[in-house]
Protein chains: 2
Amino acid sequence: MQLKDYFPMWDKLTAEQQNKLSEDADRRVFKKGQIVHNGLTDCTGLFLVKSGQLRAYIVSDEGREVTIYRLFERDICLFSASCIMRSIQFDIAIEAEKDSDAWLIPAETYKSVMEQSAPLANYTNEIMASRFSEVMWLIEQIMWKSFDRRLADFLLEEAALEETEKLKITHEAISNHLGTAREVVARMLNYFQSEGMVKLSRGRVELTDVERLKKLQ
Amino acid sequence: MQLKDYFPMWDKLTAEQQNKLSEDADRRVFKKGQIVHNGLTDCTGLFLVKSGQLRAYIVSDEGREVTIYRLFERDICLFSASCIMRSIQFDIAIEAEKDSDAWLIPAETYKSVMEQSAPLANYTNEIMASRFSEVMWLIEQIMWKSFDRRLADFLLEEAALEETEKLKITHEAISNHLGTAREVVARMLNYFQSEGMVKLSRGRVELTDVERLKKLQ
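Everything quoted here is computed from the prediction, not taken from an experiment.

Draft legend 1. Expanded view of the overall build of chain A. If you tally the helices and strands in chain A, you get seven helices and eleven strands. Expressed as lengths along the three principal axes of its C-alpha atoms, the size of chain A is roughly 65 × 30 × 30 Å. With 217 residues in all, chain A has 54% of them scored as buried. Taking all contacts inside chain A whose residues are at least 6 apart in sequence as the whole, residues at least 24 apart take part in 70%. Surface accessibility of chain A: about 10200 Å² in total, with carbon and sulfur atoms responsible for 44%. In chain A, 29 side chains carry a positive charge and 35 a negative one; their mean positions are 4 Å apart.

Draft legend 2. Geometry of the relation of the copies chain A and chain B. Of the transformation placing chain A onto chain B, the axial shift is 0.0 Å and the rotation is 180°, giving an RMSD of 0.0 Å. Taken together, the rotation and translation relating the two chain copies correspond to the operation of a two-fold axis. Closest to the rotation axis within chain A is the C-alpha of A:Ala118, separated from it by 1.9 Å. The residues that chain A uses at the interface reappear at the interface of chain B in 100% of cases, marking a shared surface.

Draft legend 3. Structural context of the side chain of A:Glu97. All names here are of chain A. Mapped onto the elements of the fold, Glu-97 is located in the loop between strand E7 (93-96) and strand E8 (100-106). The buried category is assigned to Glu-97, whose relative accessible area is 14%. Looking at Glu-97, its side chain comes within polar contact range of the side chain of Gln-53, at 2.6 Å. Among residues more than four places away in sequence, those in contact with Glu-97 are Lys-32, Gln-53, Leu-54, Arg-55, Arg-70 and His-177.

Draft legend 4. Local environment of the pattern of salt bridges. Residues and elements named next belong to chain A. Within this structure, the stated rule accounts for 25 salt bridges over all chains. The residue Glu-97 makes a salt bridge to Arg-70 at a minimum N-O spacing of 2.9 Å. In this pair, Glu-97 is assigned in the loop between E7 and E8 and Arg-70 in strand E5 (residues 65-71), connecting sequence segments 27 residues apart. Taken as a pair, Glu-97 and Arg-70 share a single burial class, namely buried. In this structure, a network of salt bridges that share partners links the residues Arg-70, Glu-97, Glu-157 and Glu-158.

Draft legend 5. Highlighting the interface of chain A and chain B. The interface is formed by 42 residues belonging to chain A together with 42 residues belonging to chain B. Of the roughly 3500 Å² buried between chain A and chain B, counting both surfaces, carbon and sulfur atoms make up 72%. The largest contributions to the chain A side of the interface with chain B come from A:Phe132, A:Met143 and A:Trp144, which together make up 21% of the buried area. Here chain A and chain B share zero salt bridges between them. Where chain A touches chain B, the interface holds 13 residue pairs in polar contact (both at pLDDT 80 or more). Elements with a minimum of two residues in the side of chain A that touches chain B: strand E4 (54-59), E5, helix H2 (107-116) and helix H3 (118-144) of chain A. Its residues assigned to classes, the side of chain A that touches chain B shows 24 nonpolar, eleven polar and seven charged.

Draft legend 6. Seen up close, the packing of aromatic side chains. Per the stated rule, a full pass over the model turns up 17 aromatic pairs over all chains. Each ring, one from A:Tyr191 and one from A:Phe192, has its centre 6.2 Å from the other, and the planes form 55°; the classification is tilted. Taking relative accessible area as the criterion, A:Tyr191 reaches 40% and is therefore assigned partly exposed. The exposure class assigned to A:Phe192 is buried, which follows from its relative accessible area of 0%. A ring pair is formed by B:Phe7 and B:Trp10, whose centres lie 6.2 Å apart and whose planes are at 25°; its orientation type is stacked. B:Phe7 sits in the buried class, given a relative accessible area of 1%. Relative accessible area serves as the criterion here: at 9%, B:Trp10 is assigned to the buried category. Directly above the ring of B:Tyr57 sits B:Arg55, whose terminal nitrogen or CZ lies 4.0 Å from the centroid. One Lys or Arg, B:Arg131, reaches over the ring of B:Tyr69 and ends 5.3 Å from the middle of that ring.

Draft legend 7. The state of the cysteines, seen in detail. Residue and element names in this part refer to chain A. Scanning the entire structure with this criterion turns up two disulfides over all chains. Here Cys-43 pairs with Cys-83 through a disulfide, and the sulfurs are 1.8 Å apart. Disulfide Cys-43-Cys-83: the torsion about the S-S bond is -75°, which places it as left-handed. Of this pair, Cys-43 sits in the loop between strand E2 (35-38) and strand E3 (45-51) while Cys-83 sits in the loop between strand E6 (76-77) and E7, and the two are 40 residues apart along the sequence. Residue Cys-83 is classed as partly exposed on the basis of its relative accessible area of 38%.

Draft legend 8. A look at the nonpolar core. Formed by 110 residues in total, the largest nonpolar core has its most connected members in A:Phe7 and B:Phe7. When sequence neighbours within four positions are dropped, the list of residues in contact with B:Phe7 reads B:Leu48, B:Ile76, B:Ile105, B:Tyr110, B:Leu120 and B:Tyr123. Formed by 22 residues, the second largest nonpolar core is a distinct cluster that contains A:Phe147, A:Leu155, A:Leu200 and A:Val210.

Draft legend 9. View of a positive patch on the surface. Residue and element names in this part refer to chain A. Among the surface-exposed residues, Lys-32, Lys-166, Lys-168, Lys-199 and Arg-204 lie close enough to one another that they form a single positively charged patch. The residue Lys-32 is located in the loop between strand E1 (26-30) and E2 in this model. Accessibility expressed as a relative area gives 62% for Lys-32, which makes it exposed.

Reading guide: rules and limits
- Residues numbered from 1 in each chain as written.
- Chains lettered and ligands numbered in written order.
- Predicted model: local features only at pLDDT ≥ 70, side-chain atom pairs only at ≥ 80, totals over all residues.
- Heavy atoms only, no water.
- Helix = DSSP H or I, 4+ residues; strand = E, 2+ residues; numbered from the N terminus.
- Buried < 20%, exposed > 50% of the residue type's maximum accessible area, 1.4 Å probe, protein only.
- Contact = heavy atoms within 4.5 Å.
- Areas by Shrake-Rupley, 256 points an atom, 1.4 Å probe, with all protein chains shown as cover.
- Lys, Arg positive; Asp, Glu negative; His and termini not counted.
- Charge placed at Lys NZ, Arg CZ, Asp CG, Glu CD.
- Least-squares fit on C-alpha atoms with pLDDT ≥ 70 in both.
- Polar contact = N/O pair within 3.5 Å; in protein donor to acceptor, adjacent residues only side chain to side chain.
- Salt bridge = Lys/Arg side-chain N within 4 Å of Asp/Glu carboxyl O.
- Buried area = accessible area lost by both parts, 1.4 Å probe.
- Nonpolar A, V, L, I, M, F, W, Y, C, P; charged D, E, K, R; others polar.
- Phe/Tyr/Trp six-rings, centres within 6.5 Å; stacked < 30°, edge-to-face > 60°.
- Lys NZ or Arg CZ within 6 Å of the ring centre and 35° of its normal.
- Disulfide = S-S within 2.5 Å.
- Core = buried A, V, L, I, M, F, W, Y, C linked by side-chain atoms within 4.5 Å.
- Patch = residues over 30% accessible without salt bridge, like charges linked within 9 Å, V, L, I, M, F, W, Y side chains within 5 Å.

Everything listed here is a matter of coordinates, which is why it stays silent on function.
Here it is as structure tokens:
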């Protein structure tokens, strides 16, 4: 994965702009569980994910979390460079969910090219619109979907990402993704188990009836 | 209010770009309650609010609503031109909350100038980031704020916007703003009344103890 693979409009940049981005880009490696970015004051730059998986989330004053979106191979993480735009007025934290490898483009470098280049600015617009769409989807989930459906969604998504129906995940991790109290997660998982849809053991959730979970969605 | 008053980077557009935007811009007038824009398929263009008040909201399959943000004088309504970006994949509806007056720039006109002009593309980024910040704020409210605080917030905001503590507003309108069932709104308003914070009558909510409502926030 080279830099140009992340930017479909790469050929519309001048040679000078291409060089600036390429020369300033740096490789970064993150261990699973490592914090990649933490809030508004931390303006590292843009991460371009080469491999692995990142999770963007928000944290309440009381320390409760909710996952906003995830980033995979080929995704660009814009909000770790929130200082490139004045109007970004919210704190997002980002952690590595798997061992991850990324390019880092420093915020200042990206900003200076974006200010000159209409193609890059327009592409940045597309990236932001795409995250915006994910956040609007999340609002609809929170407002209008009952918790059993959200939990079934989440378990099926995890199984697809991990390529296994035997998930290694704690109740706490699930509650941090969905922004729901741990007891609520535990109660619903117990209900799913009593209905034969999952089998629970310490730190594990095995999906035993995928078809029924899909019907809940 | 002229077109250039909406765009702080107007002077960085070429004369040709300025003319294209100005010549294609059109005046639109909306009556209170009128639908300005409805969902993804309807790609009218950008509205630049001259006067009045617009409300952007989403609607569930069952017809439940929740207000996403509001637009006032000098604001630019971007998502009524969602076709200018491929990555906008969500439906927003917009209605006039007061008699309103706006400039309309057709989507195609705006898109063609934005594709050429880095300053306009970057400014569009700022507009989107600013709406993004409002939506993130809303998620925090929904996830972490109890309903009594959200309702107190809403009543105080309405009083500030309407410049009166005697609000003409139905329970249904409040429930459409906050995305909460009408019975929940009615129950909390009755509780506020029993505590002397509001006085209720048909289609009206009078704030009788602003200080206590503020303490709830």
